[in-house]
Amino acid sequence: MLIEFSVANYRSFKDEVTLSMVAGPIVAKDKRLDENNVLTVDERLRLLASAAIYGANASGKSNLIRALRFMKEFVLGSSKDTQALEPIAVEPFRLDPETTNLPSRFEIVFIAEGRQYRYGFEATTTRVTSEWLYHRPRTKETPLFRRDLDHFKLSGQFPEGRGLEGRTRPNALFLSVIAQFNGEISSRVGKWFHGVNVVSGLSDQAVMGVTITAFGDAERRAEIIRFVRDWDVGIDDLSVDSVAATPEVLPSSMPDALKSLILSVPGTTQ
């Protein structure tokens, strides 16, 4: 379960911003909202099952989703050999000369298999500058490891990381490296990140495919159209046309290699 996610010095975020799923000490007028959207973890913690972010265009909503997606992908992929020579895909805040050369910061607090963890890192495009992992076995949070550049400090509760410090590249996460060696805690954290499904309606191709498939069912198509009409943005109807893939319909700016790959898929030129 996600408790909170924080990011700083990334794209449009200069200062740290936090998405918190901790339920506030208030009661909804409609009791069903509390019953269906508030999860009681223990006597100290209640979490929201869903939350909404409101804001004007270009206010950073999409960048918050991008930040969470980047963190997931970096945790799961930074230790792979294919990433050895690649830069880290962070984009610092560029409207202040003091932040462009500083690391971007990401931190997440979550519950995995009944244990609360706080994990985070700071990174530039060339290296991880710091990294940390804490857990809360009872009521007090305690450190498992802390990394500052190439210096590592491991607690006695984290023996799975010992001996792997030297195997960690500057542009890789220590947590990811340990998980490759089946460390118990690191694998548990990695498994939790695997379960994070980040979907952006602006660019997610998988979601687009689901929507197009739904239009093949008359009942689901009608539901989608009713949903769009309720937005009151002037759209009354939607349709999907199937067009055979030919060199003429593909964008002229598309690389020839990609065009050839698309045209080679059976059924695309029928």
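Structural data are supplied above this passage.
Reference entry: report on the structure contained in this document. In this text the structure is predicted, and so the values were computed from the model without any measurement. (Residues numbered from 1 in each chain as written. Predicted model: local features only at pLDDT ≥ 70, side-chain atom pairs only at ≥ 80, totals over all residues. Heavy atoms only, no water.)

**Digging into the pairing of strand β7 (residues 128-136)**
No. 1: For β7, the buried fraction is high: 8 of the 9 residues fall into the buried class.
No. 2: Looking at chain direction, strand β6 (residues 115-123) and β7 are connected through 8 bridges and run antiparallel. Bridging from a neighbouring strand, G120 pairs with W132 of β7.
No. 3: Connecting the antiparallel pair β6 and β7 is a turn made up of 4 residues.
No. 4: Pairing of β7 with strand β8 (residues 142-148) involves 6 bridges; the strand directions are antiparallel. Among the inter-strand pairings, H135 is bridged to a residue of β8, identified as T142. (Buried < 20%, exposed > 50% of the residue type's maximum accessible area, 1.4 Å probe, protein only. Helix = DSSP H or I, 4+ residues; strand = E, 2+ residues; numbered from the N terminus. Pairing = 2+ DSSP bridges.)

**Observations regarding the sheet that holds strand β5 (residues 104-112)**
No. 1: A sheet is described by the order of its strands in space; here 7 strands give the open sequence β2-β1-β5-β6-β7-β8-β9, paired in antiparallel fashion. Each edge of the sheet is formed by a strand with only one pairing partner; in this case those strands are β2 (17-20) and β9 (151-154). Adjacent strand axes in the sheet meet at a mean angle of 10 degrees when their direction is disregarded.
No. 2: With 4 bridges connecting them, strand β1 (residues 2-8) and β2 associate as antiparallel partners. Following the sheet pairing, E4 is matched in β2 by S20.
No. 3: Packing of helix α4 (residues 184-194) onto the sheet brings it into contact with β1, β5, β6, β7 and β8, and relative to β5 it is tilted by some 100 degrees. (Axes fitted to C-alpha atoms, helices over the stretch in contact; angles between N-to-C directions. Contact = heavy atoms within 4.5 Å.)

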